[in-house]
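Residue strings, one per chain:
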Amino acid sequence: MFNVKPLCAALVLGAGFSASAYAETDVYHHAFDALGTVVTTQFKTESQVKADYCEKVTEDEVNRLELLLSAYKPDSDLSRLGAAKGEWIKISKDTADILERTKEVCAMTHGALDPTVGTLVKLWSVDHDNHRVPSDKEIAEALPKVDWTKIEVKKEGDQYYGKIGAGQEITLGATGKGFIADKVIEKLRAAGCKDALISLGGNVITSGTNYSGNPWLIGLQEPDLKRGGYFAAVPSRDESVVTSGDYEKFFIKDGKKYHHILDPRTGRPVPATLSSVSIIHKNSAYADGLCTSLFVMGWQGAIDFLRAHPELKAVLVDEPLKTVVYTPNLDDEIKFTNENFRIGVIEPLEADKGQRASEPKAGDQK
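Residues numbered from 1 in each chain as written. Predicted model: local features only at pLDDT ≥ 70, side-chain atom pairs only at ≥ 80, totals over all residues. Heavy atoms only, no water.

A.B. asks: Where do I start with the packing of helix α3 (residues 93–108) against helix α6 (residues 176–190) in this structure?
C.D. replies: The angle between the axes and the distance between the axes are what describe a pair of packed helices. Axis separation between α3 and α6 bottoms out at 11 Å; the angle between their running directions is 125°. Considered as vectors, α3 and α6 are oriented oblique to each other. Seen along the crossing, α3 lies across α6 with a hand that is right-handed. In this structure, α3 uses D94, D97 and I98 to contact α6, whose residues at the interface are G176, F179 and K183. A class-by-class count of the residues in the contact of α3 with α6 yields two nonpolar, one polar and three charged. (Axes fitted to C-alpha atoms, helices over the stretch in contact; angles between N-to-C directions. Helix = DSSP H or I, 4+ residues; strand = E, 2+ residues; numbered from the N terminus. Parallel < 35°, antiparallel > 145°, perpendicular 65-115°, else oblique. Left-handed = near helix turned anticlockwise from the far one by under 90°. Contact = heavy atoms within 4.5 Å. Nonpolar A, V, L, I, M, F, W, Y, C, P; charged D, E, K, R; others polar.)

Below, the structure is given as structure tokens:
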């Protein structure tokens, strides 16, 4: 399953983590509210004026895409698709692109990701003030509407069209922030803002280098600590680091925790065997969708998936917060700061020589 390794040398929390550490450099910080979170930015530029310009490019693009892709704005492409009763409607190229990207992840993960859980998401409303536990009847009535294969996209001339099944609703909570992050970085590079770090909640994307000319250093959130508490860090240049977990969006009802990641098969929050999943990838939308998918698969399912896809970079934290495992392609990059975790490396399938994925190999325990 995975080889247990000694803890890497502890990383001293410093320039890679603290905003104040950049105070004497030409890295400028901004923040604004959007996408149901606080979007923070860092730009390495020659002046405050240029940094302010880069910030405006970022805000304009985030706000533009939120209007298109929000499931809660009545005029968004997603809301119009839901109201179209299974008919084709005109959509933007951006909407067509994210739907196609999302479908790729749905197919790759055999439906562990399914954006047509929109009706169920609104029933639970975990990250809104009107959250509640839906009745068994409500969930049973919504489940037949969950089927990502009914999402269709086509292009005729210069116009894009989309449709979903009658009665379906789409949520892009699993790929939307990642897609927006990709588009923002694309806009920034075109605008001459080549050194940047953008954080949209659990989605971080980087371009170029930090104040010292090195890759940006991204902390991986420790699930039981407040935001800003890290158990590890990875360097990042021109890629995205995305984390999904059950530790920020949840509510407690009758002593039971209900988080926001729903299992498309049951319509209920996934039984938590994972506390967090982090994916490092060039494409943020792809990383975003895979994070959610692996969380739905659970601890063993996620490990088996990663063993079958050794090209992926990932870090998993189990629900008891005792074990962290990561893919071997991060061996020379990841640095751990928490000495209490048991650390393991996920071995790819080709190293098993025919053994089943669930069988620990001789020498696993050290």
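A.B. asks: Got a minute to help me understand the environment of W88 in this structure?
C.D. replies: Looking at the secondary structure, you find W88 in the loop between α2 (77–83) and β4 (89–91). Taking C-alpha positions, W88 is 8.1 Å from I164, a pair spaced 76 residues apart along the chain. Not counting residues within four places of it along the chain, the set of residues in contact with W88 comprises E152, V153, K154, Y161, G162 and K163.

A.B. asks: I'm lost on the pattern of salt bridges in this one. Help?
C.D. replies: Close approach of charged atoms allows side chains of opposite charge to pair. According to the stated counting rule, one finds 18 salt bridges in the structure shown. A salt bridge links K56 to D60; its shortest N-O distance comes to 2.7 Å. Of this pair, K56 and D60 are both found in helix α1 (residues 48–69), four residues apart, which corresponds to roughly one turn of the helix. The class of D60 is partly exposed, set by a relative accessible area of 39%. R189 is the salt-bridge partner of D238, the closest N and O atoms lying 3.2 Å from each other. Of the two residues, D238 is situated in the loop between β10 (230–236) and β11 (240–245) and R189 in helix α6; the sequence distance between them amounts to 49 residues. We classify R189 as partly exposed; its relative accessible area is 41%. Each of E61, R64, D94, K183 and E186 takes part in a single network of salt bridges with overlapping partners. (Salt bridge = Lys/Arg side-chain N within 4 Å of Asp/Glu carboxyl O. Buried < 20%, exposed > 50% of the residue type's maximum accessible area, 1.4 Å probe, protein only.)

A.B. asks: Looking at this structure, how should I read the packing of aromatic side chains?
C.D. replies: Ring pairs (aromatic) are described by centroid distance and by the angle formed between their planes. All told, the structure shown has two aromatic pairs when counted by the stated rule. Each ring, one from F231 and one from F341, has its centre 5.6 Å from the other, and the planes form 65°; the classification is edge-to-face. In this pair, F231 is assigned in strand β10 and F341 in the loop between β17 (335–336) and β18 (342–346), connecting sequence segments 110 residues apart. On the accessibility criterion, F231 (1% relative accessible area) is buried. A residue is classified by how much of its surface remains accessible, and F341, at 7% relative accessible area, is buried. For the pair Y326 and F336, a centre-to-centre distance of 5.7 Å together with 50° between the ring planes defines the contact as tilted. Of this pair, Y326 sits in strand β16 (residues 323–326) while F336 sits in strand β17, and the two are 10 residues apart along the sequence. (Phe/Tyr/Trp six-rings, centres within 6.5 Å; stacked < 30°, edge-to-face > 60°.)

A.B. asks: Would you take a moment to explain the sheet that holds strand β6 (residues 159–163) for this structure?
C.D. replies: Strand pairing in a sheet takes place through backbone hydrogen bonds and is either antiparallel or parallel in direction. Read from one edge of the open sheet, three strands run β4-β6-β5, paired in antiparallel fashion. Of all strands in the sheet, those with a lone pairing partner are β4 and β5 (152–156), marking the two edges. In this sheet, adjacent strand axes meet at a mean angle of 40° when their direction is disregarded. The pairing of β4 with β6 spans three bridges and is antiparallel. Across the sheet, I89 pairs through a bridge with G162, a residue of β6. (Pairing = 2+ DSSP bridges.)

A.B. asks: I would appreciate a short explanation of the state of the cysteines in the present structure.
C.D. replies: Here a disulfide denotes a covalent bond joining the sulfur atom of one cysteine to the sulfur atom of another. Within this structure, the stated rule accounts for one disulfide. In this model, C54 is linked to C193 through a disulfide, with the two sulfur atoms separated by 2.1 Å. Looking down the S-S bond of the C54 and C193 bridge, the torsion is -95°, so its handedness is left-handed. In this pair, C54 sits in helix α1 while C193 sits in the loop between α6 and β7 (196–200), placing the two residues 139 residues apart along the sequence. (Disulfide = S-S within 2.5 Å.)

A.B. asks: Would you mind showing me how to read the sheet that holds strand β9 (residues 216–221) here?
C.D. replies: Taken in spatial order, the three strands make up an open sheet running β9-β10-β17, and their pairing is antiparallel. Two strands in the sheet have a free side with no partner beyond their single neighbour: β9 and β17. Pairing geometry for β10 and β17, over two bridges, is antiparallel. Bridge assignment links A233 to a residue of β17, and that residue is K335.

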